[in-house]
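Structural description and commentary
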Amino acid sequence: MTARAVENLNFEDFDPFSVEFRNDPTAYHSTLLENSPAFMKMEGDVASAYVAKFEQCMQVLGNWELFSSVKPKNLPGMQRVDFFNGMPVMNYSDPPQHDRLRRVVNVAFSPGRVRKLAEATDTIIDQLLGNIEPGQPFDGMQDIAKPLAVKVLFDEFLGIPPEDQHIFFEFGATFFLLDKLKPGDPKPKEYLDGWAKGEKYLRGVLAEAGKNNTDNVLSLIAAASESGTMSDAEMMAMVCVLFTGGVPTVSAMGASALHYLAANPEIAERIRQDESVARPFCEETFRLDAPVTLVMRFATQDVDVGPRTILKGMPVYTMISVANRDPDIYENPLEFSVDRKNMRHLAFGNSTHVCIGNAITRMILPKLVVEAAKRLPNLHLNPEAQGEWETTPRSRHRLKVPVIA
Ligand code: HEM
């Protein structure tokens, strides 16, 4: 990116991390879509681009050679998003390193494993919905969606017992401290202590998991560590990637699904009549409430996208949740409809980095929706309580979903 080439660009006054955008993204959508791709100055002075149109996002996500996932170390702001202690993780690697890391756990996401997890999921949903009294108010997130995601993904899939999970929740809770770092600042002590604690814990349980050779992900990671494919720090990074990638997103989508079910009683009735309607119902939930709102790439050379040229070295903010409302792709994009002809969306990304957990998520969510529709036939929004949202720079999801059974 030469200074001269940058001088010729028009920069928009837009910051995708700003609280204004995060709190009210819909207000920005039409401008972002009309101008996409466009340029902006991030982190003070870093010439960056965003892409918001669906097809442009597909182009960026579909070509890792032109749009790399590896974060440049010297770029201001990157120290704030190094959640995995500088370790290479699949999300932020390009092939072939990406493929090596993805292969270690890939088998855990195979159709056979997902079917096995489905049995446990049925039992967990049955227990959670069994706790809900007809006519009583409850919170779709805290009472159902969050415990569902934790039990299916943490207890069953990862194989970390409930009494030990606090190690990872506590570590995850230190991530916000990274947001305050300036380039060159050391990592905060709480973060490093949390990382060390997690690594020590995993060393112990992975030794056992290797011996027991169970079906969960920890035993796959243990096998990789025994064969020398992964170091201790890489194991810790992998567990954190699976935990941070899966638990918050699946809870978010469970909460959203319960919201849309309560808000659309006529669709709930269609699901009771025909369970297959739960699939488009969930896809529409993913499209409209995509919890990962944007993903970043870095241009490896000058690339034409739509009417503009994105310059080599530019960080590219790929605006998934805006692309999911592109009117060139979706008729009445803001409407929740289970009858769309086109159910394609970018909530799980696309191509090389397409979400490894998408089949698991697409197994869990329709089960929840079908069971909730059947067992809570009078489910409706609670008129006396307000829903709440939570945002981080790259995610947005419902925090409270007040409903009445
Ligand atoms: C509704 C639920 C979920 C959503 C919306 C979601 C979203 C995403 C997105 C957008 C990406 C692409 C990131 C990129 O292109 O840079 C991704 C990748 C990934 N997701 Fe998910 N995710 C979900 C569930 C899960 C689950 C359940 C797991 C694990 C148990 C998981 C683990 C991962 C991993 C490891 C990657 C990186 C894949 C790679 O780089 O090859 N996700 N996810």
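Here's a quick rundown of the structure. Every residue gets a number counted from 1 within its own chain, in the order that chain's sequence is written. Whole-chain, interface and lining totals are the exception, using all residues; otherwise, since this is a predicted model, local features are given only for residues with pLDDT of at least 70 and side-chain atom pairs are given and counted only at 80 or more. Note that the side-chain values use all heavy atoms of the structure and ignore hydrogens as well as water.

A few words on the overall build of the chain. Only runs of H or I of at least four residues qualify as helices and only runs of E of at least two qualify as strands under DSSP, and these elements are numbered from the N terminus. A tally of regular secondary structure across the chain gives 16 helices and 13 strands. With the C-alpha coordinates aligned to their principal axes, the bounding extent of the chain is approximately 65 × 55 × 35 Å. With a 1.4 Å probe rolled over the protein chains alone, any residue whose accessible area is under 20% of its type maximum counts as buried; one over 50% counts as exposed, and the rest are partly exposed. Within the chain, buried positions represent 54% of all 405 residues. The contact criterion used is simple: two residues touch if any of their non-hydrogen atoms lie within 4.5 Å. The contacts of the chain with a sequence gap of at least 6 include a subset with a gap of at least 24, amounting to 72%. With the model as given, the accessible surface of the chain reaches about 18200 Å², and the carbon-plus-sulfur share is 51%. The chain carries 42 positive and 53 negative side-chain charges, and their two centres are separated by 3 Å. The protein chains shown are the only cover counted for residues, whose accessible areas, like all others here, come from Shrake-Rupley with a 1.4 Å probe. Neither His nor the chain ends contribute to the count of charged residues, in which Lys and Arg are positive and Asp and Glu negative. Positions of charges follow a simple convention, taking NZ of Lys, CZ of Arg, CG of Asp or CD of Glu.

Before going further, it helps to examine the coordination of the iron atom of the ligand. Because no water is among the atoms considered, metal sites can look incomplete, with donors defined as N, O and S atoms within 2.8 Å of the metal, or 3.2 Å for Na, K and Ca. Among protein residues, the single donor to the iron atom of the ligand is Cys 355 (SG), with a metal-donor distance of 2.3 Å. Examined against the element boundaries, Cys 355 turns out to sit in the loop between helix H15 (320-323) and helix H16 (358-375).

Next up on the list: the site of the ligand. In the vicinity of the ligand, 27 residues are found, and the nearest of them are His 98, Arg 102, Arg 297, His 353 and Cys 355. Here a polar contact means two N or O atoms within 3.5 Å. Within protein one must be a hydrogen donor candidate and the other an acceptor candidate, and residues neighboring in sequence count only if both atoms are side-chain atoms. Here an oxygen atom of the ligand and a side-chain polar atom of Arg 102 are 2.7 Å apart. Between the ligand and Gly 245 there is a distance of 3.3 Å, counted from a nitrogen atom to a backbone nitrogen or oxygen. At the level of elements, helix H5 (97-106), helix H12 (232-263) and strand E6 (295-299) are the ones that each hand at least two residues to the shell around the ligand. Here a residue is considered near a molecule or strand provided that any single heavy atom belonging to it is located within 4 Å of it.

Strands belonging to one sheet form pairs held by backbone hydrogen bonds; the direction of such a pair is parallel or antiparallel. Any two strands between which DSSP finds at least two bridges are classified as paired. Taken in spatial order, the six strands make up an open sheet running E1-E2-E3-E9-E6-E4, and their pairing is mixed. Bordering the open sheet on either side are strand E1 (11-12) and strand E4 (67-68), each of which pairs with just one other strand. By the bridge criterion, four bridges tie E6 to strand E9 (residues 315-318) in an arrangement that is antiparallel. In the strand pairing of E9, Arg 297 is matched with Val 316. Sitting on the sheet, helix H4 (residues 54-61) is in contact with strand E3 (46-51), E4, E6 and E9, with an inclination near 130° to E9. Note on geometry: axes are C-alpha line fits, over the in-contact stretch for helices, and angles between N-to-C directions span 0 to 180 degrees.

What follows concerns the pairing of strand E2 (residues 38-42). Counting buried positions along E2 gives four out of five residues, so the element sits mostly inside the fold. Where E2 and E3 come together, five bridges link them in antiparallel fashion. Bridged to Lys 41 within E3 is Ala 47. Here E2 folds back onto E3 in antiparallel fashion, the turn holding three residues, of which Glu 43 has a positive phi close to 50°.

Turning next to the nonpolar core. Each nonpolar core is a collection of buried residues, namely Ala, Val, Leu, Ile, Met, Phe, Trp, Tyr and Cys, held together in the definition by side-chain atoms within 4.5 Å. Membership of the largest hydrophobic core comes to 120 residues, with the highest contact counts inside it found for Val 105, Phe 168, Ile 271 and Phe 281. Element by element, the count of residues in this core is highest for H12, at 20 residues. Contacts of Val 105, omitting those with residues within four sequence positions, involve Met 90, Val 217, Leu 220, Ile 221, Met 238, Leu 242 and Ile 356. Ranked by size, the runner-up nonpolar core spans 20 residues in total, among them Phe 21, Leu 75, Met 78 and Val 81.

This part takes up the pattern of salt bridges. Salt bridges, as used here, are contacts in which a Lys or Arg side-chain nitrogen is within 4 Å of a carboxyl oxygen on Asp or Glu. With the rule as written, the count across this model stands at 20 salt bridges. The partner of Asp 122 in a salt bridge is Lys 367, and the shortest N-O contact between them spans 3.0 Å. Of the two residues, Asp 122 sits in helix H6 (residues 111-130) while Lys 367 sits in helix H16, which places them 245 residues apart along the sequence. Taking relative accessible area as the criterion, Asp 122 reaches 40% and is therefore assigned partly exposed. What makes Lys 367 partly exposed here is its relative accessible area of 23%. Asp 193 is paired through a salt bridge with Lys 189; the nearest N and O atoms lie 2.6 Å apart. Here the residue Asp 193 and the residue Lys 189 both occupy positions in helix H10 (residues 189-212), the gap between them amounting to four residues, near one helical turn. Judged by its relative accessible area of 39%, Asp 193 is partly exposed. For Lys 189, a relative accessible area of 57% puts it in the exposed group. The structure contains a network of salt bridges with shared partners spanning Lys 53, Asp 326 and Asp 328.

Once that is clear, we can look at H12. Counted at 1.5 Å a residue, the expected span for H12 with its 32 residues is 46 Å, and the 46 Å between its end C-alpha atoms agrees. Burial within H12 is extensive, with 27 of its 32 residues counted as buried. The span one expects for a helix is its residue count, reduced by one, times 1.5 Å.

Read across the sheet, three strands follow the order E5-E13-E10 without closing on themselves; strand pairing throughout is antiparallel. Edge strands, defined here as strands with exactly one partner in the open sheet, are strand E5 (137-139) and strand E10 (380-381). Bridging between E10 and strand E13 (residues 402-404) involves two bridges; their strand directions are antiparallel. Paired with Leu 381 across the two strands is Val 403, which belongs to E13.

Let us look at the packing of helix H14 (residues 278-289) against H16. If you want to describe how two helices pack, look at the angle between their axes and the distance between the axes. Interaxial distance between H14 and H16 falls to 9 Å at its minimum, and their mutual angle equals 115°. Looking at the two axes, H14 sits roughly perpendicular to H16. Crossing angle aside, the handedness with which H14 passes H16 is right-handed. Judged by residue contacts, Ala 278, Arg 279, Phe 281, Cys 282, Glu 283 and Phe 286 of H14 engage Thr 361, Arg 362, Leu 365, Pro 366, Val 369 and Val 370 from H16. For this classification, the nonpolar set comprises Ala, Val, Leu, Ile, Met, Phe, Trp, Tyr, Cys and Pro, the charged set comprises Asp, Glu, Lys and Arg, and every other residue, Gly included, is treated as polar. The residue makeup of the contact of H14 with H16, split by class, is eight nonpolar, one polar and three charged. An angle below 35 degrees is read as roughly parallel, one above 145 as roughly antiparallel, one from 65 to 115 as roughly perpendicular, and any other as oblique. Handedness of each helix crossing follows the sense of rotation of the near helix against the far helix: counterclockwise by less than a right angle gives left-handed, clockwise gives right-handed.

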